[in-house]
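In case you want the letters, here they are:
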Amino acid sequence: MLDGLIELDAAYSKEFGEHLTINSSYRSYEAQAAIYDPSSPIAAPPGCSNHGMGLAVDIGGGVETFDTEQYNWLKANAKTYGWVHPAFAEPNGRVPEPWHWESVLARAGS
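Quick summary incoming for the structure in this document.

Parameters at a glance
Residues numbered from 1 in each chain as written. Predicted model: local features only at pLDDT ≥ 70, side-chain atom pairs only at ≥ 80, totals over all residues. Heavy atoms only, no water. 1 Å grid on protein atoms, 1.4 Å probe; cavity = no way out; pocket = protein on both sides within 12 Å on 5 of 7 lines; lining within 4 Å. Points joined across faces, edges and corners; volume = space filled by probe spheres on them. Nonpolar A, V, L, I, M, F, W, Y, C, P; charged D, E, K, R; others polar. Pairing = 2+ DSSP bridges. Helix = DSSP H or I, 4+ residues; strand = E, 2+ residues; numbered from the N terminus. Contact = heavy atoms within 4.5 Å. Buried < 20%, exposed > 50% of the residue type's maximum accessible area, 1.4 Å probe, protein only. Salt bridge = Lys/Arg side-chain N within 4 Å of Asp/Glu carboxyl O. Phe/Tyr/Trp six-rings, centres within 6.5 Å; stacked < 30°, edge-to-face > 60°.

Some details on the layout of surface pockets
Considered as a void within the structure, the largest pocket measures approximately 370 Å³ in volume. The wall of the largest pocket is formed by 20 residues, among which Ile 42, Ala 43, Ala 44, Phe 88 and His 100 lie closest to the centre. Per-class residue counts for the lining of the largest pocket are nine nonpolar, five polar and six charged.

What to know about the sheet that holds strand β4 (residues 100–103)
Pairing within the open sheet is antiparallel, and its four strands lie in the order β1-β2-β4-β3. In the strand order of this sheet, the two ends are held by β1 (22–24) and β3 (83–84), each with one partner.

Here's the deal with the environment of Glu 90
Following the sequence through the fold, Glu 90 ends up in the loop between β3 and β4. For Glu 90 and Phe 66, which are 24 residues apart along the polypeptide, the C-alpha to C-alpha distance reads 8.6 Å. Residues within four places of Glu 90 in sequence aside, it is in contact with Phe 66, Tyr 71, Lys 75, His 85 and Pro 96.

A closer look at the pairing of strand β2 (residues 56–59)
Burial along β2 is two-sided: the face carrying Ala 56 and Asp 58 and the face carrying Val 57 and Ile 59 are both buried. Examined bridge by bridge, β1 and β2 share two bridges and lie antiparallel to one another. Counted as the bridge partner of Ile 22 is Ile 59 from β2. Where β2 lies against β4, three bridges are found, and the strand directions are antiparallel. What sits directly across from Val 57, in β4, is Trp 101.

So, the pattern of salt bridges
For the coordinates displayed, the defined rule picks out two salt bridges. Between Arg 27 and Asp 58 there is a salt bridge, with its nearest N and O atoms 3.1 Å apart. Linking Arg 27 in the loop between β1 and α2 (29–35) with Asp 58 in strand β2, this pair joins segments that are 31 residues apart in sequence. One exposure class covers both Arg 27 and Asp 58, and it is buried.

Things to note about the packing of aromatic side chains
Tallying each qualifying case throughout the model produces five aromatic pairs. Ring plane angle 85 degrees and centroid distance 6.1 Å describe the contact between Phe 16 and Trp 73, whose orientation is recorded as edge-to-face. Taken together, the residues Phe 16 in helix α1 (residues 2–16) and Trp 73 in helix α3 (residues 69–77) connect sequence positions 57 residues apart. A ring pair is formed by Phe 66 and Tyr 71, whose centres lie 5.3 Å apart and whose planes are at 85 degrees; its orientation type is edge-to-face. Judged by its relative accessible area of 24%, Phe 66 is partly exposed. By relative accessible area, which is 4% here, Tyr 71 ends up buried. An aromatic cluster is built from Tyr 12, Phe 16 and Trp 73, whose rings are joined through pairwise contacts.

Right, here's the structure in full:
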């Protein structure tokens with residue numbers, strides 16, 4: 001999983017001349033609890049987040065907006081390196097988050 005993210009970063013860097021900007025990755029249970037708001041669908045309940053399992057990253061640097069060159073490149077290439085943009089985070093998903101990417105391992109049991 002980490003190797004795939006490193007390889008994805010290398011390919012992204014070759015394409016755009018800069019590294020992926022990781023804004024968030026692993027979150028401890030305490031960090032999950034600190035950002036969880038039951039009235040908002042943005043963060044999963046503590047203990048249920050793929051960030052807490054080390055299987056998700058939030059990416060900036062142009063990827064945090066739908067339909068940018070960087071976002072579209074990631075959509076077309078990330079799966080080659082073991083990373084996907086989950087359906088719930090798509091523009092018409094229940095929580096549209098262009099920045100949220102997950103290891104394919106996060107969806108392996110789904």
